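Structural overview
Take a look at the letters that make up each chain.
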Amino acid sequence: MPTIEYKNIAVGRQVLSPAQQAVQRVKAAAKIAFQEQMSVDGVFEGGGALGTAYLGGLRALHDNGIWFKRVAGNSAGAITAAMIAVGFTAPEIQWLSSGFVPKPPALAPDTLSPIGITRPIPFADFLDLPSINSISTPNKQKTLLWKALIAVSRRTSRKRKNDSPQRHR
């Protein structure tokens, strides 16, 4: 089978190879604007809710043409790093992490719908919280919230005693 050479310019117009044409079709279908970006390395630390704080930073980097070449992370940071590593963009990560659905619900980015992602990841799915019944009473009593509730309860019961009419003997 003979090979075909494609010249870049023919009769005043650009001629693309089939591979180049395919790349252009993929770009157009996905509506991805490929542009020259500055690449940086990113290391994301853990810290529970800190993982959601990365969204603003990711969006700022993305909007300024800076994205990641290599990433690493721990705990919540590993979730962010994994989403970057598999190719999600900052707007996609932001939408995926917006488990609090606004009214009316925000539509999935055009790039996610074709791969079957139609709803954000519920934020609570990222948390490994025990149920209240699985925490022992002594451990509950060690928490600041428990101590605050007990203090308020004692103050309220003392106030009731002082406000109630006293009986005379």
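Note: the structure precedes this text.
Note that the structure is a prediction, hence the values are computed from the model and not measured.

1. Overview of the side chain of Glu92
Secondary-structure assignment places Glu92 in helix 4 (residues 90–96). Arg59 provides the closest opposite charge to the buried, salt-bridge-free Glu92, at an N-O distance of 10 Å. A polar contact of 2.8 Å, which involves the side chain of Glu92, links it to the backbone nitrogen of Thr89. Among all residues touching Glu92, those that are not within four sequence positions of it are Gly87, Pro109, Thr111 and Leu112.

2. Some details on the packing of aromatic side chains
The description of an aromatic ring pair rests on the distance of the ring centres and on the angle between the ring planes. The tally for this structure, following the rule as stated, stands at three aromatic pairs. Between Phe44 and Phe68, the ring centres sit 5.5 Å apart and the planes meet at 65 degrees, which makes this aromatic pair edge-to-face. One end of the pair, Phe44, is in strand 3 (residues 38–44); the other, Phe68, is in strand 4 (residues 66–73), with 24 residues separating them in the sequence. A single burial state applies to Phe44 and to Phe68, both of which are buried. Both rings, one in Trp67 and one in Phe68, keep their centres 5.1 Å apart while their planes meet at 65 degrees; by these two values the pair is edge-to-face. In this structure, Trp67 and Phe68 share a single accessibility class: buried.

3. What to know about the pattern of salt bridges
For the coordinates displayed, the defined rule picks out two salt bridges. Two residues, Arg70 and Asp41, come together in a salt bridge whose shortest N-O distance is 2.8 Å. With a gap of 29 residues between them, Arg70 in strand 4 and Asp41 in strand 3 connect regions that are remote in the sequence. Looking at Arg70, the relative accessible area reads 53%, which means it is exposed. Classification of Asp41 by relative accessible area gives partly exposed; the value is 47%. Between Asp63 and Arg59 there is a salt bridge, with its nearest N and O atoms 3.2 Å apart. Here Asp63 and its partner Arg59 are both found in helix 2 (residues 50–63), four residues apart, which amounts to about one turn of the helix.

4. A short note on the environment of Lys140
Relative to the helices and strands, Lys140 is located in helix 5 (residues 137–141). Residue classification places Lys140 among the partly exposed positions, given a relative accessible area of 22%.

Thresholds applied
- Starting afresh in each chain, residues are numbered from 1 along the sequence in its written order.
- Reporting in this predicted model follows two pLDDT cut-offs: at least 70 for local features of residues, and 80 or more for side-chain atom pairs to be given and counted; totals over whole chains, interfaces and linings ignore these cut-offs and use all residues.
- In computing side-chain properties, one takes all heavy atoms of the structure into account and sets aside hydrogens as well as water.
- Numbering goes from the N terminus for both helices and strands, where a helix is a DSSP run of H or I of at least four residues and a strand is a run of E of at least two.
- Remark: exposure states derive from per-residue accessible area (1.4 Å probe, protein chains only) relative to the maximum for the residue type, with buried under 20%, exposed over 50%, and partly exposed in between.
- The charge count includes Lys and Arg as positive and Asp and Glu as negative, but it does not include His or the ends of the chains.
- Any Lys or Arg side-chain nitrogen located within 4 Å of an Asp or Glu carboxyl oxygen qualifies as a salt bridge.
- What qualifies as a polar contact is a pair of N or O atoms within 3.5 Å, subject to a donor-acceptor requirement within protein and to the restriction that residues adjacent in sequence count only when both atoms come from side chains.
- Should any heavy atoms of two residues lie within 4.5 Å, those residues are considered in contact.
- Only Phe, Tyr and Trp rings are paired, with Trp represented by its six-membered ring, and only when their centres lie within 6.5 Å; those with planes under 30 degrees apart are stacked, over 60 edge-to-face, the remainder tilted.

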